Amino acid sequence: MPMLHGNRLMTQKLPVVMEPRISVDLLQKIGRPVFVCVDLDALIHNMTILADLCANKDAVRVAVVKGNAYGHGAVPVARHFMATGAADRLAVATVDEAIHLRRAGIDAIIHVLGNIQPWEMQRCVSYRLIPTVASEQSIIGISKCLEKIRTSDQKIDDYHCFANGVNADPLRSVAHRRH
């Protein structure tokens, strides 16, 4: 479990030692743990450099926190990116990773970069996730979920998918293919 110390995120790999300062004697007793200290402000600095280098100054900044933020703790890293305003939205690899962030109280826009199966579309809609769709079956799956919402009393805002690098309205995409 990652621990936040100021703006430094401390994570350990097995064996887990939850001490911010570890003595040499303790390290010798437990073997060869890996201890990682992530400077959260350095992540923000890196994002700022990338944004400054981008020709389009209005480009959306996406913090990719897939794989538990590459092993450093998706929730604290995502929170820091969003709290500092360094990122406009987040991205993860799977629906489960996105749901983990939602359940931790993160309300930012979240893109799911991995290919979403049709049966996962309802979870994407329920948790307000932006899925990546790569097949007609996925587009049809999300369309069916959205049609159910549109015919119920539930409100739906503009819902978009990330389809092959282009934002698409799945209902229009399916309707367009039918005509």
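Note that the structure is predicted; figures quoted are calculated from it, not measured.

1. Regarding unusual backbone geometry
Backbone geometry follows two general trends: most residues other than glycine have a negative phi, and most peptide bonds adopt the trans configuration.
(1) Moving on: Even without a glycine there, the phi angle at Asn 68 is positive, about 55°.
(2) Moving on: With respect to the helices and strands, the residue Asn 68 is situated in helix α3 (residues 66–71).
(3) Moving on: Unusually for a residue other than glycine, Ala 69 sits at a positive phi of about 55°.
(4) Moving on: With respect to the secondary-structure elements, Ala 69 resides in helix α3.

2. Examining the side chain of Arg 102
(1) Moving on: As for its placement among the helices and strands, Arg 102 is situated in helix α5 (residues 95–103).
(2) Moving on: Despite its burial, Arg 102 pairs with no opposite charge; the closest candidate is Asp 107, at 4.6 Å N-O.
(3) Moving on: A polar side-chain atom of Arg 102 sits 2.7 Å from the main-chain carbonyl oxygen of Ala 108.
(4) Moving on: Ignoring sequence-local partners within four residues, the contact set of Arg 102 consists of Asp 107, Ala 108, Ile 110, Tyr 127, Arg 128 and Leu 129.

3. Overview of the pattern of salt bridges
(1) Moving on: In this structure the tally under the stated criterion is 3 salt bridges.
(2) Moving on: A salt bridge links Asp 88 to Arg 61; its shortest N-O distance comes to 3.0 Å. Residue Asp 88 is located in the loop between α4 (74–84) and β5 (89–92), and its partner Arg 61 is located in the loop between α2 (40–53) and β4 (62–64); the two are separated by 27 residues in the primary sequence.
(3) Moving on: A relative accessible area of 32% places Asp 88 in the partly exposed class.
(4) Moving on: Asp 107 is paired through a salt bridge with Arg 128; the nearest N and O atoms lie 2.6 Å apart. Residue Asp 107 is found in the loop between α5 and β6 (110–115), and its partner Arg 128 is found in the loop between α6 (121–126) and β7 (129–133); the two are separated by 21 residues along the sequence.
(5) Moving on: The exposure class of Arg 128 is partly exposed, given its relative accessible area of 47%.

Reading the values: rules and limits
Residues numbered from 1 in each chain as written. Predicted model: local features only at pLDDT ≥ 70, side-chain atom pairs only at ≥ 80, totals over all residues. Heavy atoms only, no water. Helix = DSSP H or I, 4+ residues; strand = E, 2+ residues; numbered from the N terminus. Buried < 20%, exposed > 50% of the residue type's maximum accessible area, 1.4 Å probe, protein only. Lys, Arg positive; Asp, Glu negative; His and termini not counted. Salt bridge = Lys/Arg side-chain N within 4 Å of Asp/Glu carboxyl O. Polar contact = N/O pair within 3.5 Å; in protein donor to acceptor, adjacent residues only side chain to side chain. Contact = heavy atoms within 4.5 Å.

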